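Descriptive structure summary
What follows is each chain in one-letter form.
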Amino acid sequence: MQTALVGGSAGGRPGDETSKDYTARVLEWPYGRVLVGVVGSVLVIVGVVIVVRSLMRKFEENLRTGEMSPTTRRIVAGLGIVGGVATGVVAAMAGLFVLLAAVQFDPAQAKGMDETLRSFAATPAGPVLLIAAAVGLLLFGLYSFCEARWRKAPEHGASAEQPTEAPGSETRPGVP
């Protein structure tokens, strides 16, 4: 988003300051409020989808679980579920803040990841929520290492449509 709006990096400005600057700039555009609302809604939807897919263990479809021991499989599944739920919740919360900025027409309501996490701390259950988010994001990071290790990938030089049988092993009709 930053590259599209200003053509480069923030250079060291805090993420929340740049989030507010971008939101303020987009809110000034014709239909900017709608665009900010759409972006916030998409973030919320993406967060919810991440949570649901994590709970349904869809991430396992992309892993070579047959190469894992049963214990490793349980650990990787736990990391994927808890880490995915935490990531999805944080993404959805960030989207809610962007959506709130559009609804209230207030760019100050938009928050980056760090301010979203700080707003968890401002609630009565703040420290517990913040620790849960931190642990969840850490577990997602650990899951990412596991995914890098066991992710299914096509064979080098093989397309998905090539047969996996050895040449000459195919059977012809009428030949036993």
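The following refers to the structure shown.

Okay, the packing of helix 3 (residues 32-55) against helix 4 (residues 70-104) next. The contact between helix 3 and helix 4 brings their axes to 7 Å, and the two run at 165°. On the basis of the axis angle, helix 3 is roughly antiparallel to helix 4. Crossing handedness for the pair helix 3 and helix 4: left-handed. Classifying every residue of the contact of helix 3 with helix 4 by side-chain character gives 17 nonpolar, 10 polar and 1 charged.

Quick look at the nonpolar core now. Phe59, Leu63, Met68, Val76, Leu79, Tyr143, Cys146 and Trp150 together form the largest nonpolar core, which totals 8 residues. Broken down by element, the residue count for this core peaks at 3 residues, all from helix 6 (residues 126-150). Leave out the neighbours within four places in its chain, and cysteine 146 touches Val76 and Leu79. Membership of the second largest hydrophobic core comes to 5 residues, among which are Val26, Leu27, Val36 and Val98.

Turning our eyes to something else, we now look at the side chain of threonine 87. If you trace the backbone, threonine 87 turns up in helix 4. Given a relative accessible area of 18%, threonine 87 falls into the buried group.

On inspection of all chains with the given rule, the structure shows 2 aromatic pairs. Plain terms: the ring middles of phenylalanine 59 and tyrosine 143 are 5.3 Å apart, the flat faces sit at 70° to each other, and that makes the pair edge-to-face. Of this pair, phenylalanine 59 sits in the loop between helix 3 and helix 4 while tyrosine 143 sits in helix 6, and the two are 84 residues apart along the sequence. Residue phenylalanine 59 is classed as buried on the basis of its relative accessible area, which comes to 12%. Aromatic pair phenylalanine 140 and tyrosine 143: ring centres 6.2 Å apart, planes at 40°, arrangement tilted. You can see phenylalanine 140 and its partner tyrosine 143 sitting in helix 6, 3 residues apart, about one turn around the helix. According to the relative accessible area criterion, tyrosine 143 is buried, its value standing at 5%. A connected cluster of aromatic rings, assembled from ring pairs, spans Phe59, Phe140 and Tyr143.

All right, on to a nonpolar patch on the surface then. A cluster of nonpolar side chains, namely Tyr31, Val34, Val38, Val42 and Val46, defines an oily patch on the protein surface of about 500 Å² accessible area. Tracing the chain through its elements places valine 38 in helix 3.

Despite not being glycine, tyrosine 31 shows a phi value in the positive range, around 60°. Following the sequence through the fold, tyrosine 31 ends up in the loop between helix 2 (15-28) and helix 3. For tyrosine 31, a relative accessible area of 71% corresponds to the exposed category. You will see that arginine 57, though not glycine, has its phi angle at about 60°, which is positive. Here arginine 57 lies in the loop between helix 3 and helix 4. By relative accessible area, which is 37% here, arginine 57 ends up partly exposed.

With that settled, consider the packing of helix 4 against helix 6. The geometry of helix 4 relative to helix 6 is characterised by a closest axis approach of 7 Å and an angle of 130° between their N-to-C directions. Judged by the angle between their axes, helix 4 and helix 6 are oblique. Where helix 4 crosses over helix 6, the handedness of that crossing is left-handed. Contacts between helix 4 and helix 6 pair Thr72, Val76, Leu79, Gly80, Val82, Gly83, Gly84, Ala86, Thr87 and Val90 from the former with Ala133, Gly136, Leu137, Leu139, Phe140, Leu142, Tyr143, Cys146 and Trp150 from the latter.

Here is what the cut-offs are and how they apply
- All chains use their own residue numbering, which begins from 1 and follows the written sequence.
- At least 70 in pLDDT is required for a residue's local features to be given in this predicted model, at least 80 for side-chain atom pairs to be given and counted, and no such filter applies to totals for whole chains, interfaces and linings, which use all residues.
- No hydrogens and no water enter the side-chain calculation; it runs on all heavy atoms of the structure.
- Note on definitions: angles span 0 to 180 degrees between N-to-C directions of axes, and those axes are lines fitted to C-alpha atoms, for helices only across the stretch in contact.
- Helix numbers and strand numbers start at the N terminus; a helix is a DSSP run of H or I with at least 4 residues, a strand a run of E with at least 2.
- When describing relative orientation, an angle under 35 degrees is termed roughly parallel and one over 145 degrees roughly antiparallel, while 65 to 115 degrees is termed roughly perpendicular and anything else oblique.
- Should the near helix be turned anticlockwise from the far one by less than a right angle, the crossing is termed left-handed; should it be turned clockwise, right-handed.
- Think of it as three bins: nonpolar holds Ala, Val, Leu, Ile, Met, Phe, Trp, Tyr, Cys and Pro, charged holds Asp, Glu, Lys and Arg, and polar takes everything else, Gly as well.
- Residues enter a nonpolar core if they are buried and are Ala, Val, Leu, Ile, Met, Phe, Trp, Tyr or Cys, with the set joined through side-chain atoms within 4.5 Å.
- Burial here depends on accessible area, computed with a 1.4 Å probe over protein chains only, as a share of the maximum for the residue type. Under 20% is buried, over 50% is exposed, and the range in between is partly exposed.
- What makes two residues a contact is simply this: any of their non-hydrogen atoms within 4.5 Å.
- Classification of ring pairs uses Phe, Tyr and Trp, with its six-membered ring standing for Trp, and accepts pairs whose centres are within 6.5 Å; under 30 degrees between planes counts as stacked, over 60 as edge-to-face, and the remaining range as tilted.
- A residue counts toward a patch only above 30% relative accessible area and without a salt bridge, and it is joined to like-charged neighbours within 9 Å or, for Val, Leu, Ile, Met, Phe, Trp and Tyr, to nonpolar neighbours within 5 Å.
- Calculation of accessible area relied on Shrake-Rupley with a 1.4 Å probe; when residues are assessed, cover is drawn exclusively from the protein chains displayed.
- When a carboxyl oxygen of Asp or Glu is within 4 Å of a side-chain nitrogen of Lys or Arg, the pair counts as a salt bridge.

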